[in-house]
Structures are given as structure tokens and as C-alpha cells.
Amino acid sequence: MSGGGESVKVAVRVRPFNTREKERGAKLVVEMEGATTRLLSVDGGEEPKTFTFDYSYWSHDGFTEQDDAVLAANPGSKYASQQNVFNDLGQGVLDNAFQGFNCSLFAYGQTGSGKSYSMVGYGPNKGIVPITCDVLFQTIEKSQGAVKYEVTFSMLEIYNEQVRDLLQKVNPKGGLAVRQNPKEGLFYVQALKKVAVGSYREIESRIEEGTSNRTVAATQMNATSSRAHTVVTIQFDQISKNESGQETKKTSVINLVDLAGSERADSTGATGDRLKEGANINKSLSSLGNVISALADLSMGKKKVLVPYRDSVLTKLLQNALGGNSKTIMIAALSPADINHDETLGTLRYADRAKKIKNKAVVNENPVEKLIRELRAENERLKTAMSGGTLPSAADQSSVNMSPEEKERMRQEMMEEIKAQLSANQEAMEDFDWDKKHAQQKEDDPSGLTDKAVMQSRKNKEPYFANLNEDNMLSGVVFYFLAASETTIGRKDADPQPTVMLSGLSISKKHAIITNVNGEITLKPYSSSCKIKVNGLPLTGARNLEHLDRVMFGSNHMFVFHNPINPKAPEGTPNNIEWDFAQKELAEARGLTAGGNLTKDQQRAQDQILELLPMVNEVNAVSEELDKHKGFEIVLLSEEAQEGNNRETKVMVKMKDLLNRNSWLWERGKFINRRYVIQDLYQRYIDGDEGIMNIPKEEDPFWEPAEDVLIGTANAFLQSLGFNLDFDGKITVTDFKGKEEGSLIVCIEPCDQKGKSIEEDDFVDEPNELLGKPYHFKVSIRNGEVHKSRFSKGLKVKYKCYNEQEFTLTNEIKDTLSPEWNHSRIVSIPSVTEDVLAYFENSSIKFSLYGKQIDSAPDSKLSKLTTKELRQMENMQDSGRKTRIGSMAPEGDGQDEAGQIKGELLLLKRKYERLEKKERRLQEICKQWEDKPREEQLFDPFYRSVSAVAYSTGSKLKTRVHMLNKIIQGHKALKEIQNGDQDKMVKEGNGKVVQANGGGGGGGGEKTEGGSRACSVM
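None of these values were measured; they are calculated from a predicted model.

*Asks:* How do you make sense of the side chain of asparagine 662 when you look at a structure like this?
*Replies:* On the secondary structure map, asparagine 662 appears in the loop between strand S35 (650-657) and strand S36 (663-667). The class of asparagine 662 is buried, set by a relative accessible area of 4%. At 2.8 Å, the side chain of asparagine 662 forms a polar contact with the backbone oxygen of isoleucine 854. Excluding its chain neighbours within four sequence positions, the residues that come into contact with asparagine 662 are Met655, Lys656, Asp657, Ala706, Arg790, Gln853, Ile854 and Asp855.

Written out as C-alpha cells, the structure is:
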């Protein structure tokens, strides 16, 4: 491929900051100049990373919203509008299509980066797909001559490796089959609906139909729209006569692909999940990356490169677009914010690889008669093979060593392939009569073109629900009108059938009743067990709905109520309700409220909570429906509640066995991965797969082997070590909610290298005195108390000290709630540094208490209850518990702060006791010196004794002893010059030496005996 061909064109586009990024004060990390894109480092410490593409579109700022809501560039700005992008990319696709080339356009990027905006657009700011379709028909209408144009349209979605036809309301279980055409070698979707379209209005109607079907199906299947690939295929045929009068057909297949969000699989932390391979969500994207890399290698001249098209459904269907007969364009959507730096870098590198691919596109032009003749001949050959019931010769040769059963299975598979190929050929034959197909479709759906106008008219006059979706492109595409005096909501299997039929998690047969009395809409649950929330709060009785109220039926049917008769919304309601607003409301109703002035850590935690909350609700609903006896909840682990030295609040999901109380804490990524597996399991359940109720536990996403659980943590602060004092006492063990779970008796004391306690006189006044010296301390965990009896199976403690990489683990004590570990170990520091002193001053040793869990038999009373009843019991026990995001579990922080204050108080008490003891010792020395005969009152030994005590004690005492030393030195000097008639005088209480009858002159003063009162200042 390196010898020729045309490179894939690659463009990148950066969007404006979204609302959340503005609220967070996000930093811009993307720069563009011409075709060059630069990605700045978050902290400015690294050089910008520079990439060059065919086009770099700056759509971050420099625009104004006009009266018609179209975004237009300001004078002199470099803003790239939707029309600019189409002129460069979409127009090129159309030009190639008219020449008879196959064309493909991909949009790639992380969720929320603006892929769908570029491809589909929003409101009047139409994207590449609708503009391309519009201009296609405009060009056809303006064309003159004998060319006949035929356009067919299809729209499909790939989710979890299953293909869904978006032009069909109902799809077969497991999705549509993907098969390979043996003649052309290309893959196709069997039974995919392809509609003939004769105008832009028709194609726009079909896009809206597909989007609506996609939204409804995603809600019913609990699918995540950001994880689905959408492929719009337009087949454009130009039929004309050549110079010899022969009719020829020029065919162009245009693929417009909106890829799923490109979040890295490893960024979610699902690496350790035992069921990771069960989730196919990222399979297509990772396979696409492998195909692009392999094609890039081929284009660079590498030999023996296998391109893995068969690894996923997406790469099978896009084989021709990526590495075959197609002119291909990729647009990569970029987030401008620093918080998405790593994802943006991944997108840029992905796009940089793609531009190395080279394709060899050829004009697809053939005589019509020849095409028909070849199809008929192929059909006859296939029919003969079927009627003979024999395997083709190649298959016969490969089946020599097969058993009869294997041969029969192979024969059946080949018969299925032949039938599918016959069906595809028959469909292709019918496509030659495009006019008949188009007329038939208009007859089958005469109201298709008028529906939009009728819908808009009703929205201006009647109250209605409009759907709300995490993908803005899928919000406001499903409507349920409430003009009737009574509207019922429920499942389609209810008798009688409800007015509005919903399906999916937690939807009852008869779910809700809505009455309309003179435009006043009242919503009432059919029974107390029917899940309905209004503005985040559970609905327990009848309630009048107000304009722009948010209503959730079941676990994931979210709607906004619109009332054009009384369009006054409650005060504080935003004019435009978005998914994030509704999710924040649900979070606040559950007690996960956001405080003001959040730190970056708290902002990140809040974003993750809003992301996980609907997922947790969904998984709980699946657990109830499949009666799995598991409950899930979001938990916030502050720094204090985690083992190790992690400085970030961690958002995790706790899974709890509602029968035996065992629990597991899952990383966010593991839970997201497991949720996809649960979605797949539930889809099999609603498809009627009875085997899922008896799957082996190892394959059950709700099962997890019993593992040790973190009961809680306790901190012992280390300030005392900086003064060579010990810490000895009881510390409280609290869980991640700040609730007391038990206590530990620990001792942390300075010692020598062999573990012997140091002498009391080794106490230091200033920690700096330890600098440069070796230091040893002993950590002892004597015993503990645990409150909950279920932890008696086994208890152990884990901890680590200064700069240690590995944890130290005590032995496990079983069959008691009062374990006696009697654990101790010596920690040695070769030389005390400033870093060590800072560790003593500001840090603590975090002791993590673990309990052993086993798969014990459940309480017989609980076994009789359903998952739903067990969860209701749990919710009643937990009612009233609130967690404020702004403080991240304040109870836990309070416990930690109390522990630190307690440690400081203990340190001050120990220091005071030492000072008091030293002071008494100094007084004893002074008394002993005073009691000696005058001739034995030697100053040198006295000075040494006082200094030894003074320089191992506190600062106040040191100052006072320093004054005493001055007295002693003065007394000694006087003694040396004494002529027998001079006496030493000390004025009591003021600490000054005065002299009478000597030295430098006379002066009055009170005469005292030498040294007798000198120590009284003490």
C-alpha cells in the first residue's frame, strides 16, 4: 500500500468550555494556529506537544449567537463554524460521491468532546450529516441532463457488539447478523432496512425517526448512549447512458460514523476485575485502534502485517472505508479543559496515526445489465447448492477429519450463509427498481413528512413529557402528550394496555395515572410500590405538576414536564433543563449535597458521584428484578478513611450482601465495567434467556468471593517522637462514614537499636537536636475491641511507617471481638533529616483494621424476603444519613481532628511532667549545695550538675537556669579576688548580684550569706 494511494484526511476541532468546566474555572490547554494544534501541559512544566493535521478547527471562542440561534464568527476571529467544517470536509465527501467514489467520515473523541455536534449538530446549528444530505438533494435538483439519481438511506447502531437497525422499532434478540459476501469479501448487515429517499425532508424525517428509536431502545435496554457507535449510510446511485447507449450505474456508498466515547479503558481502573473480558463495550474502539495502527504500518512499507478487521463488528463493517476502496476523512473532537488533558492527548495521538493510512479509491461504475446478469447467475448457483444439499468442494476437503456431527453442523452453517446471501442478492435486485420502492414506502408511511409539523403544533397547545438523556442530542426527541382527561402509564403486557407504554427497570404493569382537569395536570402512582420521583424526591401520593418539573419513572425513564397552558415554572428553575441538573437534584435528594467553594478534589468527586448515581440506581433495580440479594451504594473515602498516603477523596461503590451482611468496596472503574456485564445479563433476561437464572457463580456479575473487609482506620499522631517522648493510649477506629467501629491500644515509643526504651533524661527540648542522629522507635499494637459480632471470624491490623513501601500486617486473631495481638516491631531511621522531623510533626501512623468475611449461611428469616424488601429495610435503617460533598464526610474529619488534638494534649502533658521533674531535681541540687559546709561549696561540680539537668529540659526552665549560671560565675569571680573582708550579696527575688564593701565601689545592700539564697529564685 506504500506505493500509492491517497492518505486519510484528518481534522481536529476544539469546542468551547461547557457549563461544568466554566463553574470549575477550567484552564485552556489547547492552542491552534493554521493546521497546527498544540497541547499545553497542565502545570506548565513540560513543553507543549505539537501535532499537524489537514485541518485544525478553532471553535472554542470568537463567536456570537445570532437572533436565529446560529453561532457565527466575530469579525477577525478564527472561529470555525458548522458551515466552515462542512465546506472543507462535507463538501469534499459530496464531490467524491458525485465522481463515483466511496466515502467515509468518522468522528472520534471522548464523551462530551463535541463529536455529535460536529456530525449531527444541535438546533439550527446543523452538523455535517444533515448539511451533506441537504446539499446532496440541492445539487440533484439543480442538475440538468439525462442522469437519474437514486438515494437510499440506512441507520444502525452498534452497542456491546450487537447491531440494531434504528429504522425499526423492534429488533431481533441479539441484534442483526453480520455476514460476509463471499464474492466481494466485504461484510454486510443482514436484513438491515434501506429506505429510498427522494428529498432532504424525507432524509431528515428518517434521521429523527432513527434518533427517537435509538433513545427509546437505549432507555429500555439500560444502554449508555455514549458507548454506542452510530453509522448512517447513504447509497448514492447515478444512472446514465454511455456513448454506445448502454445504461451504466455509478454507485457511491457514503458512511457517516459517530463513534462511541473514546475514554481509555485503563483510566477507569477496571484492570483487576475478574469479569473484565465479559464487557464488550470498548471492544470495537480498541479493535478500531488496532486496525488503524496495522494500516498505518502497511502504509509505511512494513510487510507481513495482519489487519484485524474480524476482531469486532465495527471494523468488519468499516473494512472498505478504512483500508479499501474509499476516500476517508476523520474529524477528532477535542476538549479544551485541563481536566481532560490525558484524554485529549490520546485523541490527538489516535488522529496522528490515522493520517498515515493510505487508501486506493476507484470509481464504482458498471453496466446495469451486467450487474443484473451477475446477480441472477449468482442466485442460480446458490439455489443449486441448496437443492443439492452438498457441501462445496473446499468445504468437503476441510471436513475430512471431522466427525459426522461436526460435518452436519458445518453443513447447517453453510446453508444459513447461502440463504442469507440469496436474501441479500434478492434485495439488491429489488434496489434496481428504486421508483417502485420509493412509492411503496410513501404509501406505507403517508404521514411521515407531516408528523413534524403536527408535533410542533401539539407542543404549543397540549401538556406533554419530553425525554431527558445524558446525551444532549438524544434529549427532547421522545414526547408523550397529556391532553386526555386521563393518561395511564405502564408496561405493554398490562390489561388493559396503558396509554403510555414504557418498559425497562422498575416499571410496573400499572405504574401511574395522570389526570388533566382544565389544564391542571395531576400525577399519582398506581400503588405505593411504583417508583416515581418528581424533582428528585419520591412520589408517595397525588401531586400537581408544574411547568419544567423533572419526573423519573422507574429507574431510568427521565422526563421534563412542559405545560404550554400554564408555562410558569417554580422560582429557581432554569429555563433549559439538562441531564446534569436533574442528576444533581437526585444526588441532593439522597443527601449528597454540594457545598460552596469546592476544592479541585471535591469537584472531581462531585463529578464522579453524578456520573455513578444513575448507574447505581440502575444496578440496584436489576438486582431487585433478578432477586440477587445485593445492594449497591456510593461511598466517599476521605484521605483519613483510606489505607496508605492517598491524598484524594476516593469515590467508590459498596456492594453489600443483604443476607449475610458481607460487603465489598469496588473502585469506580471496576463498578463501571461490572455494570456493563450486568446490563448484558439483564438484556438476556428480557430476551427470554432462562439460563441466566442458573449461571455458575463465577460468571455471575453479582457474585464476588468473600474477602477481608476494611472495618475502619485509626490514627496515632507522632509529635511526641520529635521530643523523644512516647505515645501510649487508646485510639478510636472509625469507618468511612465516621462511625465508631471499635478501638485499638497502641504504643509508639523511642528506643535504642535493640528495642530498649530510652532513659527519661534523653528527652529533648527542640526536635532540631535530633538532626543527623540515628533514630529508633517501637510500634506496639497490644489489643483491641470491635463492636460488630460478624467480624469475629478473624481480625488483623495493617499499617506502614515513614517511607515504607510495604505494609506490616499483624497476625490474625479469630473467634473473638477483643483480640490480643501483642504485636511490636522496631522502626529504624539511619539519620534524622528535616523531612523526618516534618513527618513526626505533621503525620500519623494509620492503622487499618480488617475483618475476615466468609460465605456464611444467611439468616433464615431474611432468606424469605425479596431483594426489594431487604433494600427497603436497609433504607429505613439508613434514613436521615447525609453526606455533604463540600466536607467529604464531616464525621470522619471530626474524629481525625479530635485524635490530633488529643495527641497534642498528651504531648504537652508529658512535656509538663518532664519539666516539673527536672525543676524538682534542680531544687534538690541547690538544697544539697546549700546544706554543705562553706568550705565544701565547690562551684565547678555544682555548675556541672546544674548544667547537666538544665540542658535536657524545657525552654522556660533553661532560661531561669541560665540566670543561675550567671550568679554562679559572678560568685566564683568574687571568690577569686576576695581579700577576706568582702561578702557575697544576692538580692532575693530579682536575680541580680549586688555587692557591699567591695569590688567596684560601695553601695548599700542587704547582706546575705554566700550562696545561701542564690537558688531561691528557683
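*Asks:* How should the confidence of the model for the protein be read in this particular structure?
*Replies:* The predicted coordinates of low-pLDDT regions are not to be read in fine detail. Per-residue pLDDT for the protein averages 81, and the proportion of residues at 70 or more is 78%. For the stretch residues 981-1018, pLDDT sits under 50, and the model shows 52 contacts to residues farther than four places along the chain or on other chains.

*Asks:* So what exactly am I meant to see when it comes to the nonpolar core here?
*Replies:* Ranked by internal contacts, the top residues of the largest apolar core, which has 47 residues, are Phe106, Leu156, Leu259, Leu288 and Met330. For this core, the element with the most residues is helix H6 (residues 283-299), which contributes 6 residues.

*Asks:* Sorry if this is basic, but what is going on with the side chain of lysine 115 here?
*Replies:* Here lysine 115 shows up in helix H3 (residues 115-119). For the buried lysine 115, no salt bridge is present, and the opposite-charge side chain at shortest range is aspartate 258, 4.0 Å distant. Engagement of the side chain of lysine 115 in a polar contact is seen with the backbone oxygen of leucine 259, the distance being 3.4 Å. In this structure lysine 115 touches Ala107, Tyr108, Gly109, Gln110, Asp258, Leu259, Ala260, Gly261 and Ala333, once residues within four positions along its chain are discounted.

*Asks:* How should I be thinking about the packing of aromatic side chains in this particular structure?
*Replies:* When we look at a pair of aromatic rings, we describe it by the centre distance and by the angle of the planes. The final tally for this structure, using the stated rule, is 24 aromatic pairs. Note on tyrosine 108 and tyrosine 350: the rings are 3.9 Å apart at their centroids and 10° apart in plane angle, and the pair reads as stacked. With tyrosine 108 in strand S9 (residues 103-108) and tyrosine 350 in helix H9 (residues 341-354), this residue pair connects regions lying 242 residues apart in the sequence. An aromatic cluster of three or more residues is present, and its members are Phe465, Tyr480, Phe553, Phe559 and Phe561. Its guanidinium or amino end placed over the ring of phenylalanine 101, lysine 327 lies 4.7 Å from that ring's centre, counting from NZ or CZ. Across from the ring centre of phenylalanine 807, 4.6 Å away, lies the NZ or CZ of lysine 800, which sits over that ring.

*Asks:* Just checking my understanding: could you explain unusual backbone geometry for this structure?
*Replies:* Residues apart from glycine generally show negative phi values, whereas peptide bonds are mostly found in trans. For the bond running from aspartate 495 to proline 496, omega is 0°, close enough to zero to count as cis. Inspection of the secondary structure puts proline 496 in the loop between strand S24 (486-490) and strand S25 (500-501). If you check the backbone angles, serine 506 has positive phi at about 60° while not being a glycine. Position of serine 506 among the secondary structure elements: in the loop between S25 and strand S26 (510-517). Note on serine 506: relative accessible area 15%, which makes it buried. Positive phi is not limited to glycine here, since asparagine 518 has a value of about 55°. Tracing the backbone shows asparagine 518 in the loop between S26 and strand S27 (520-525). Assessed through its relative accessible area of 78%, asparagine 518 is described here as exposed.

*Asks:* Just checking my understanding: could you explain the packing of helix H2 (residues 82-99) against helix H4 (residues 128-142) for this structure?
*Replies:* Two measures define how a pair of helices packs: the angle their axes make with one another and the distance between the axes. The contact between H2 and H4 brings their axes to 9 Å, and the two run at 50°. On the basis of the axis angle, H2 is oblique to H4. Considering how the two elements wind past one another, H2 and H4 form a crossing that is right-handed. Residues Gln82, Gln83, Val85, Phe86, Leu89, Gly90, Gln91, Leu94 and Phe98 of H2 form the contact with H4, whose own contacting residues are Ile128, Ile131, Thr132, Val135, Leu136, Thr139 and Ile140. Grouping the amino acids of the contact of H2 with H4 by side-chain chemistry returns 10 nonpolar, 6 polar and no charged.

Criteria and thresholds
- Residues numbered from 1 in each chain as written.
- Predicted model: local features only at pLDDT ≥ 70, side-chain atom pairs only at ≥ 80, totals over all residues.
- Heavy atoms only, no water.
- Helix = DSSP H or I, 4+ residues; strand = E, 2+ residues; numbered from the N terminus.
- Buried < 20%, exposed > 50% of the residue type's maximum accessible area, 1.4 Å probe, protein only.
- Polar contact = N/O pair within 3.5 Å; in protein donor to acceptor, adjacent residues only side chain to side chain.
- Contact = heavy atoms within 4.5 Å.
- pLDDT = per-residue confidence, 0-100.
- Core = buried A, V, L, I, M, F, W, Y, C linked by side-chain atoms within 4.5 Å.
- Lys, Arg positive; Asp, Glu negative; His and termini not counted.
- Salt bridge = Lys/Arg side-chain N within 4 Å of Asp/Glu carboxyl O.
- Phe/Tyr/Trp six-rings, centres within 6.5 Å; stacked < 30°, edge-to-face > 60°.
- Lys NZ or Arg CZ within 6 Å of the ring centre and 35° of its normal.
- Axes fitted to C-alpha atoms, helices over the stretch in contact; angles between N-to-C directions.
- Parallel < 35°, antiparallel > 145°, perpendicular 65-115°, else oblique.
- Left-handed = near helix turned anticlockwise from the far one by under 90°.
- Nonpolar A, V, L, I, M, F, W, Y, C, P; charged D, E, K, R; others polar.

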